[in-house]
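# Survey of secondary and tertiary structure
Residue-level listing of the chains:
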Amino acid sequence: MKVFAFENPIDWESFDFLLDELSTDWSGNPVVPSAKFGLARDPERFWFVASHQEQALFHPQARAGHFQPELWQWDVAELFLADPASGRYLELNLAPNGAWWSCEFTAPRERAREQNEPFPGVETFAKPFPDGGWKAALTIPLKPLRERLAFGDETAANVTFILRSPKQQFLSATKLGDGDPDFHRPEQFPRLRFQVSD
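Given the structure is predicted, the values throughout are model-derived calculations rather than measurements.

What follows covers the nonpolar core. Ranked by internal contacts, the top residues of the largest apolar core, which has 34 residues, are Phe 46, Ile 140, Leu 145 and Phe 161. Filtering out sequence-adjacent residues up to four positions away, Ile 140 remains in contact with Glu 44, Arg 45, Phe 46, Leu 79, Leu 81, Leu 92, Phe 119, Val 122 and Leu 145. Listed in part, the 17 residues of the second largest apolar core include Ala 82, Tyr 89, Cys 103 and Ile 162.

See below:
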C-alpha cells in the first residue's frame, strides 16, 4: 500500500496530494461517486486522508477532534496498521467531521485493553464541501507507532470505508476474502510501500 514520504512537516491547510480511489464495495458493486484516500509520512507523523463527494451520516455524538467509540455504526473511514511479526494491529476510525476512535488488538478482534483508550497524540482535521461531501485527515505520531507496533518497512496496512448509513456499504482497499464484510483480517493486509515525494 503506497505511502508518500515527505522530508518536511505536512501542513493540513496547504497539504495536497493525489488520492487513490475505491470504486467498488466488498461485494464488487459500484460505488459512485468513489471514495478516496491517501497515506503519507512526514518526519514526525503518519497521515491518513479520506474523502467522499457525498453527504455523510455520522455518529450523532461525534464532535470534531474528539474521541468517540462506535463510529463504525455510521459513515466512517478506517485505517488498520499491523505488525506481521507480533500479530498486533491498530484500528483507527475517522468520522467525516474529524471525530475519531482507536483500538489496539493482539489478534483478530482480540482487544489489547478492555477499556477504550485513545492512542496517544492523534490529531484530526476536517473540511466539509459545499455540495455536502467531505474530506478529513487523521495524524498519528511516529514514536508511539514504533514503540507499540514496530512501525517501519515491514508494517502492513489497509484502508476501509463504511458509507451510506443506515443502508451501509462496505469498502476495502484490499481484497480480504469472501463472505460477509470483515475488515479484521490482518493476515491479508499488504505491506506499506514508501514513495519519496517533494
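On we go.
Relative to the helices and strands, Ser 102 is located in strand β7 (residues 100–107). A relative accessible area of 2% means that Ser 102 is categorised as buried. For the pair Ser 102 and Ser 172, spaced 70 residues apart in sequence, the C-alpha separation works out to 18 Å. Discounting chain neighbours no more than four positions away, the residues touching Ser 102 are Phe 67, Leu 90, Glu 91, Leu 92, Glu 117, Pro 118 and Phe 119. Within the structure, the side chain of Ser 102 is placed 2.9 Å from the backbone nitrogen of Phe 119, a separation counted as a polar contact.

Thresholds, definitions, all that
Residues numbered from 1 in each chain as written. Predicted model: local features only at pLDDT ≥ 70, side-chain atom pairs only at ≥ 80, totals over all residues. Heavy atoms only, no water. Core = buried A, V, L, I, M, F, W, Y, C linked by side-chain atoms within 4.5 Å. Buried < 20%, exposed > 50% of the residue type's maximum accessible area, 1.4 Å probe, protein only. Contact = heavy atoms within 4.5 Å. Helix = DSSP H or I, 4+ residues; strand = E, 2+ residues; numbered from the N terminus. Polar contact = N/O pair within 3.5 Å; in protein donor to acceptor, adjacent residues only side chain to side chain.

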